[in-house]
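# Topology and contacts: notes
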Amino acid sequence: MKYPKVVLSADRTLMSSYRGISLASFFGCAPAIDNSRTKESFWYYILKNQVTPRVLFDFICNPIGHINGIANYAPYGLRKVEASLLRDGYKPEDVVVAHPDHIDKFIGPETQVVGTYEMDPLGMGPVTMTFTFGRKTMSYDELYNRDLHMKINSAKAKNGSKAKVVVGASGTWQYNYDPAKIEEYGIYGIVEGDLGGIGPEIDGAGGSFFDALINGDLETANPFKKNKFKVEIKEFSKNDRKYHGRFIHYSDEPSVDEIPNIVHPSMHGMIEVMRGCGRGCKFCDVTLRPLRYYPVEKVQQEIEINMKYGGLKNAWIQSDDIFVYGLNPRTTKNMQPNREAIEELFKGIMDTGIEHTNPTHGTLAGAIADERLIPNISRIIKSGPDNFIGIQCGFETGSIRLIGKYADRKLAPFKPSEWHWVVKEGVKTLNEHYWVPAFTLIMGLDNNETMDDSWETIRLIHELEQEQPDSKFTVTPLTFVPIGLLEKSDFFDIGNTMDAGKLGVMYKTWQHNFSHGIQKFMSKVGRDNPIKNTFFSGLAKTLGGIPLSSMEKFARKKGPEHERAIEKIKANYW
């Protein structure tokens, strides 16, 4: 057997359809293993060191299909890298996107590079850090990423492969904070910097990058040798040991014409329509990337790949703010949406014949800046009581002080002082047209969140519930992670610095998600068959109260101030 020259893959959490359950892909952030659990404890007797039962996780995170070990679907960014290699002269038999359970079949003497696509490899993403209390437990993201690397190392040893293992995608920054994993996983190179996001920027130069890897051009850092790929050998000191890592940077941003179209189906039917954002939030790295927009024809071509070769009937539209599509933030007054361009985009998407589409991200300000925008888009994509549209929006904080300091352009064309009105009007407008926002907020933003800021967030969520009792939205708190313009700040240490206000934010958001999301509308917004919706809604109702009980237990352990915060929410904000 001749082995392929390049093997690409991703871990199980990134290679699952999650049985088509909305937002279930976040389940990989759930705690998997608690190695500190004592053998005398009740839970060790029931689950050993498991936190979220693995049998439950593996059932929901079902593996994708494959043909002789070749994955039927793959993360969109991985498909972009694959497409760039095929465009740049690599033969189809030399490039394999492997199913993570079968990657060992493709790694052999002829294999030169094994590339892994990693979004949250060490469980340091904002959602994961929240759910694992700052990595006090191991998440499934980290567990299955480790499992993938162990399989790669085992296959290399068994088959006599000298392949270089290279990791890429938006989670690679995490290796800076746990460099021991570089050695443990046998990683040759870590692609860092502007690679990140859904569509890695290196797809503009895929062939030349892999050529450089194979030819040994990235072996050492040489400032005197001209190379578009900068190599940095970093030294880390941790636990009285020194570790080294080869970090590779590529700072060019390909033009739209240099970005290849995918040639095989992507996970969830995802395709992108733009790169960059232009909003300028200080806590986000996407804003550091220049804005580029796909023409409608390019978007249609990628959707058609997913339909033809993947049998997909939906298109998940990746952008970092769909309401910025088609505008120039430098010349457009107050970030006013280009409604005509957005309408043309969604008309083109629906003209492909798909049955459902929804954007990944959008701002509340953008959604309501043009009163005709959401109604018109909704008619085009046929939203309705049997076709809800999900969209992730940054709630960030209820604090007008913090939103003005860190994300004032996120509100354009509105002012920071209008933030509460923007949130309420945004939810109302989206819900009226059968859109359900999944909010994320940041706990400990730049380690500058006061108790007053936390309670302002709690009050805003409560006011939404009271003023719009039938509203549909979820809120997920994320711990602050130093990226974007705040990359030199410290992590918010949720495990050790959880004051009463921030615990209150966590408690209130989960109480809302349980009482309003799970119990009131979860079963109504699913597009799949009613039996499946009923089953998973029932499962969520059964398990949904557990985090509330855990937080109450945590409050009792922390002391009277934390207990009073919980009681205050129960009395005034329930």
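Within every chain, residues take consecutive numbers counted from 1 along the sequence as written. Restriction of local features to residues with pLDDT of at least 70 applies here, the model being predicted, together with a cutoff of 80 or more for giving and counting side-chain atom pairs; totals for whole chains, interfaces and linings are based on all residues. Hydrogens are left out, water is left out, and the side-chain values use all remaining heavy atoms of the structure.

## Here's the deal with the overall build of the protein
Helix and strand assignments come from DSSP, with helices taken as H or I runs of at least 4 residues and strands as E runs of at least 2, each series counted from the N terminus. Counting its regular elements, the protein contains 18 helices and 19 strands. Exposure classes here rest on a 1.4 Å probe applied to the protein chains alone. A residue is buried below 20% of its type maximum, exposed above 50%, and partly exposed in between. Expressed as a percentage of the 574 residues in the protein, the buried residues total 57%. In this description, contact between two residues means that some pair of their heavy atoms is separated by no more than 4.5 Å. Long-range pairs, those at least 24 residues apart, make up 78% of the contacts in the protein with a sequence separation of at least 6. Accessible surface area values rest on a Shrake-Rupley calculation with a 1.4 Å probe, where residue burial reflects the displayed protein chains alone. As displayed, the protein has an accessible area near 24,300 Å², and 51% of this comes from carbon and sulfur atoms.

## Digging into the packing of aromatic side chains
Any pair of aromatic rings gets described here by the distance separating the centres and the angle formed by the planes. Planes of paired rings set the category: under 30 degrees apart is stacked, over 60 is edge-to-face and the rest tilted, where pairs are Phe, Tyr or Trp rings (Trp by its six-membered ring) whose centres lie within 6.5 Å. On inspection of all chains with the given rule, the structure shows 16 aromatic pairs. Each ring, one from Phe27 and one from Phe57, has its centre 5.1 Å from the other, and the planes form 40°; the classification is tilted. You can see Phe27 sitting in the loop between β1 (6–10) and β2 (31–33) and its partner Phe57 sitting in helix α2 (residues 54–60), a full 30 residues away along the chain. Pairing Phe439 with Phe473 gives two aromatic rings, centres 5.7 Å apart and planes at 55°, and the pair type is tilted. In this pair, Phe439 sits in strand β18 (residues 435–443) while Phe473 sits in the loop between α14 (451–467) and β19 (474–479), placing the two residues 34 residues apart along the sequence.

## Overview of the pattern of salt bridges
We count a salt bridge whenever a side-chain nitrogen from Lys or Arg sits within 4 Å of a carboxyl oxygen from Asp or Glu. Taken as a whole, this structure holds 26 salt bridges when the rule is applied. In this structure, Lys410 and Glu396 form a salt bridge, with 3.1 Å as the shortest nitrogen-oxygen distance. You can see Lys410 sitting in the loop between α12 (400–406) and α13 (419–432) and its partner Glu396 sitting in strand β17 (residues 389–396), a full 14 residues away along the chain. For Glu467, the salt bridge goes to Lys424, with nearest N and O atoms at 3.2 Å. In this pair, Glu467 is assigned in helix α14 and Lys424 in helix α13, connecting sequence segments 43 residues apart. Taking relative accessible area as the criterion, Lys424 reaches 17% and is therefore assigned buried. When salt bridges that share partners are traced, they join Glu201, Asp203, Glu272, Arg275 and Arg292 into one network.

## A word on the environment of Ala565
The topology assignment puts Ala565 in helix α18 (residues 560–572). Assessed through its relative accessible area of 4%, Ala565 is described here as buried. When the C-alpha positions of Ala565 and Leu503 are compared, they lie 7.7 Å apart, and in sequence the two are 62 residues distant. If near-sequence neighbours (up to four positions away) are discounted, Ala565 is found in contact with Trp455 and Ala500.

## Focus: the packing of α14 against α18
In contact at an axis separation of 12 Å, α14 and α18 are set at 25° when each is read in the N-to-C sense. What the angle tells us is that α14 and α18 run roughly parallel. Read as a crossing pair, α14 and α18 show a hand that is right-handed. Of α18, the residues touching α14 (which contributes Met451, Trp455, Ile458 and His462) are Glu561, Ala565, Lys568, Ile569 and Asn572. Side-chain classes are defined by residue name, with Ala, Val, Leu, Ile, Met, Phe, Trp, Tyr, Cys and Pro counting as nonpolar, Asp, Glu, Lys and Arg as charged, and the others, Gly among them, as polar. Its residues placed into classes, the contact of α14 with α18 shows five nonpolar, two polar and two charged. Angular values range over 0 to 180 degrees, each being the angle between N-to-C directions of two axes fitted as lines to C-alpha atoms, with helices fitted over their stretch in contact. Reported orientations rely on four angle classes, namely roughly parallel under 35 degrees, roughly antiparallel over 145, roughly perpendicular from 65 to 115, and oblique for the rest. We call a crossing left-handed when the near helix sits turned anticlockwise from the far one by less than a right angle, and right-handed when that turn is clockwise.

## Re the side chain of Ser399
Positionally, Ser399 belongs in the loop between β17 and α12. Residues adjacent in sequence count toward polar contacts only when both atoms are side-chain atoms; beyond that, a polar contact is any pair of N or O atoms within 3.5 Å, and within protein one must be able to donate a hydrogen and the other to accept it. Within polar-contact distance, the side chain of Ser399 engages the backbone nitrogen of Leu402 at 3.1 Å. Ser399 has contacts with Asp453, Glu456 and Thr457, leaving out every residue within four places of it along the chain.

## Section: the environment of Thr352
Tracing the backbone shows Thr352 in the loop between α9 (339–351) and β16 (356–359). Residue Thr352 is classed as buried on the basis of its relative accessible area, which comes to 14%. C-alpha of Thr352 to C-alpha of Glu304: the two residues are 48 residues apart in sequence and 6.9 Å apart in space. A distance of 2.6 Å separates a polar atom in the side chain of Thr352 from the backbone oxygen of Ile349.

## Re helix α5 (residues 140–159)
Under the convention used throughout, the expected extent of a helix is 1.5 Å for every residue step, that is, one less than its residue count. Compared with an ideal rise of 1.5 Å per residue, which puts 20 residues at 28 Å, α5 spans 28 Å between its outermost C-alpha atoms and is within 8% of the ideal. Listing the buried residues of α5 in full gives Tyr140, Asp141, Glu142, Leu143, Tyr144, Asn145, Leu148, His149, Ile152, Ala155 and Lys156. Where α5 starts, the residue carrying a side-chain oxygen 3.4 Å from the main-chain nitrogen of Asp141 turns out to be Ser139. Gly160 sits one or two residues past α5 and shows a positive phi near 70°.

## Focus: the sheet that holds strand β6 (residues 113–117)
One open sheet accounts for seven strands, arranged β5-β1-β6-β8-β9-β11-β10; its pairing is mixed. Sheet topology places β5 (95–97) and β10 (230–238) at the edges, where each strand pairs with a single neighbour. The mean angle between the axes of side-by-side strands here comes to 25°, regardless of whether they run parallel or antiparallel. Any two strands are treated as partners once DSSP identifies two or more bridges connecting them. Across three bridges, the pairing between strand β9 (residues 189–192) and strand β11 (residues 241–249) is parallel. Among the inter-strand pairings, Ile190 is bridged to a residue of β11, identified as Phe247. Lying over the sheet, helix α7 (residues 206–215) contacts β1, β6, β8 (164–168), β9 and β11, oriented at roughly 145° with respect to β8.

## A look at the sheet that holds β16
With parallel pairing, three strands are arranged side by side in an open sheet as β12-β15-β16. One side of each edge strand has no neighbouring strand; the edge strands of this open sheet are β12 (270–272) and β16. Shown here is a sheet whose adjacent strand axes are inclined to one another by a mean of 25°, direction ignored. Relative to β16, strand β15 (residues 314–318) runs parallel, the two sharing four bridges.

## Considering the nonpolar core
The definition of a nonpolar core used throughout is a set of buried Ala, Val, Leu, Ile, Met, Phe, Trp, Tyr and Cys residues joined through side-chain atoms within 4.5 Å. Core analysis: the largest hydrophobic core is formed by 78 residues, its most contacted members being Val273, Phe323, Phe346 and Trp435. Residues within four places of Phe346 in sequence aside, it is in contact with Ile322, Thr357, Ile377, Ile380 and Ile381.

## Regarding the confidence of the model for the protein
The quantity called pLDDT is the predictor's confidence in a given residue, expressed from 0 to 100. Averaged over the protein, the pLDDT score is 87; the fraction of residues at 70 or greater is 87%. Ignoring residues within four places in sequence, the model shows residues 194–199, a span with pLDDT below 50, making 26 contacts including any to other chains.

## Overview of the pairing of β9
The alternating pattern of β9 places Gly189 and Val191 on one face and Ile190 and Glu192 on the opposite face, and all of these are buried. Note: β8 against β9, two bridges, orientation parallel. In the sheet register, Val167 faces β9, and the bridge partner there is Ile190. Seen with its strands pointing away from the viewer, a crossover is right-handed when the path leading from the first strand over the helix to the second is clockwise. Each parallel crossover has a hand, and the one from β8 via helix α6 (residues 180–185) to β9 is right-handed.

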